[in-house]
Amino acid sequence: LPVVVVASLLTLLLAAPLLSLFLDVGYVSASLLAPYLLLGALGAIPLGVLQGAMRFGAFAAVVLVGVAVRLASGIGLVDAGFGVPGAMLASTFAAGFTLVLGLWLIGLRGRVWPRRTTRKHDSVRADLRVALYALLGFWLLAQADIALARHYLEPEEAGFYSSAGLLARALLVLPAA
């Protein structure tokens, strides 16, 4: 993995105790945020490729399977008594499953990171890095309000806010579909 990815994961894991205090959740739930963010950000890559290739059926299948995996594993883990950490683990598992399925559908099987890059790919690699940072920044900005609502609002109000936020995000991406 690139150094930036490893450094980001370590930073999130080290910040997990502070994050758990801010969000009023357990340490395990906060520490599961790091792999979820990584897998979620990486999962946007094959989804973008599928959308760019106008393979909307495959795009929809990946999204729907991800939701089904999150729902099934979340219900199972929470029902088994794992609570919020179980729900976070289900989200992380679903993000990983979505990434693997998306990579498989775009034809990337096995090794994804090349050993060395030829000189002609350096400019594409730099542009890809900038695009990924922009996508990650937008994704974090779009999700920050839910974390802040969890901290500052009462639990019931935070739940309503989160539901409304999910609906608003769906309306945000609807024109692109």
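Structural data are supplied above this passage.
Residues numbered from 1 in each chain as written. Predicted model: local features only at pLDDT ≥ 70, side-chain atom pairs only at ≥ 80, totals over all residues. Heavy atoms only, no water.

*Asks:* Which residues make up the overall build of the chain, and what values go with them?
*Replies:* Helix and strand content of the chain: six helices and zero strands. Split into buried and exposed, the 177 residues of the chain put 22% on the buried side. Intrachain contacts of the chain at a sequence separation of at least 6 include 64% that bridge at least 24 residues. By element, 73% of the accessible surface of the chain is carried by carbon and sulfur atoms, the whole surface being about 11,900 Å². (Helix = DSSP H or I, 4+ residues; strand = E, 2+ residues; numbered from the N terminus. Buried < 20%, exposed > 50% of the residue type's maximum accessible area, 1.4 Å probe, protein only. Contact = heavy atoms within 4.5 Å. Areas by Shrake-Rupley, 256 points an atom, 1.4 Å probe, with all protein chains shown as cover.)

*Asks:* Tell me about the nonpolar core, residues and numbers included.
*Replies:* Counting five residues, the largest nonpolar core is built from L47, L50, A58, V62 and L101. It is helix α4 (residues 56–105) that contributes the most residues to this core, three residues altogether. Those residues in contact with L101 that sit more than four places away from it in its chain are V62 and V65. (Core = buried A, V, L, I, M, F, W, Y, C linked by side-chain atoms within 4.5 Å.)

*Asks:* Describe a nonpolar patch on the surface, naming the residues involved and giving the relevant values.
*Replies:* Among the surface-exposed residues, L148, Y152, L153 and Y161 lie close enough to one another that they form a single nonpolar patch of about 400 Å² accessible area. Within the secondary structure, Y161 sits in helix α6 (residues 155–173). Owing to a relative accessible area of 35%, Y161 belongs among the partly exposed residues under this scheme. (Patch = residues over 30% accessible without salt bridge, like charges linked within 9 Å, V, L, I, M, F, W, Y side chains within 5 Å. Salt bridge = Lys/Arg side-chain N within 4 Å of Asp/Glu carboxyl O.)

*Asks:* Can you explain α4? Please cite residues and give values.
*Replies:* With 50 residues, α4 extends just 12 Å between its outermost C-alpha atoms, more than 12% less than the 74 Å of an ideal straight helix rising 1.5 Å per residue. At F82, α4 shows its largest bend, some 155 degrees, and a proline, P85, comes one to four positions later. Looking one or two residues past α4, G107 carries a phi angle of roughly 95 degrees, positive in sign. (Expected span 1.5 Å × (residues − 1). Bend = angle between axes of the 7 residues up to and from the residue.)

*Asks:* Could you give an account of the packing of helix α3 (residues 33–52) against α4, naming the residues involved and the relevant values?
*Replies:* One can describe the packing of α3 onto α4 by two numbers: an axis separation of 7 Å at closest approach and a directional angle of 160 degrees. When the axes of α3 and α4 are compared, the pair comes out roughly antiparallel. The crossing of α3 and α4 is left-handed. The class makeup of the residues in the contact of α3 with α4 is 18 nonpolar, seven polar and one charged. (Axes fitted to C-alpha atoms, helices over the stretch in contact; angles between N-to-C directions. Parallel < 35°, antiparallel > 145°, perpendicular 65-115°, else oblique. Left-handed = near helix turned anticlockwise from the far one by under 90°. Nonpolar A, V, L, I, M, F, W, Y, C, P; charged D, E, K, R; others polar.)

*Asks:* Can you break down the packing of aromatic side chains residue by residue, with the values?
*Replies:* For the structure shown, the criterion picks out one aromatic pair. A centroid spacing of 6.4 Å and a plane angle of 40 degrees characterise the contact between F93 and F97, whose relative ring orientation is tilted. Linking F93 with F97, this pair stays in helix α4, spanning four residues, or about one helical turn. (Phe/Tyr/Trp six-rings, centres within 6.5 Å; stacked < 30°, edge-to-face > 60°.)

*Asks:* Account for helix α1 (residues 3–23), naming residues and giving values.
*Replies:* Between its first and last C-alpha, α1 extends 28 Å over 21 residues, near the 30 Å set by a 1.5 Å rise per residue. Most pronounced at A16, the bend in α1 amounts to some 55 degrees, and the proline P17 follows within four residues. Within the sequence span of α1, burial applies to V5, A16, S20 and L23.

*Asks:* I'd like to hear about the packing of α1 against α3, residue by residue, with values.
*Replies:* α3 packs onto α1 with a crossing angle of 140 degrees between their chain directions and a minimal axis gap of 8 Å. The way α1 lies across α3 gives a crossing that is right-handed. Facing V5, L9, L12, L13 and L19 of α1, the residues of α3 in contact are L33, A34, P35, L37 and L38. Across the contact of α1 with α3, the residue classes break down as 10 nonpolar, no polar and no charged.

*Asks:* Lay out unusual backbone geometry in plain terms, naming residues and giving numbers.
*Replies:* A positive phi is found at M54, a non-glycine position, where the angle reads about 60 degrees. Considering the arrangement of structural elements, one finds M54 in the loop between α3 and α4. By relative accessible area, which is 66% here, M54 ends up exposed.

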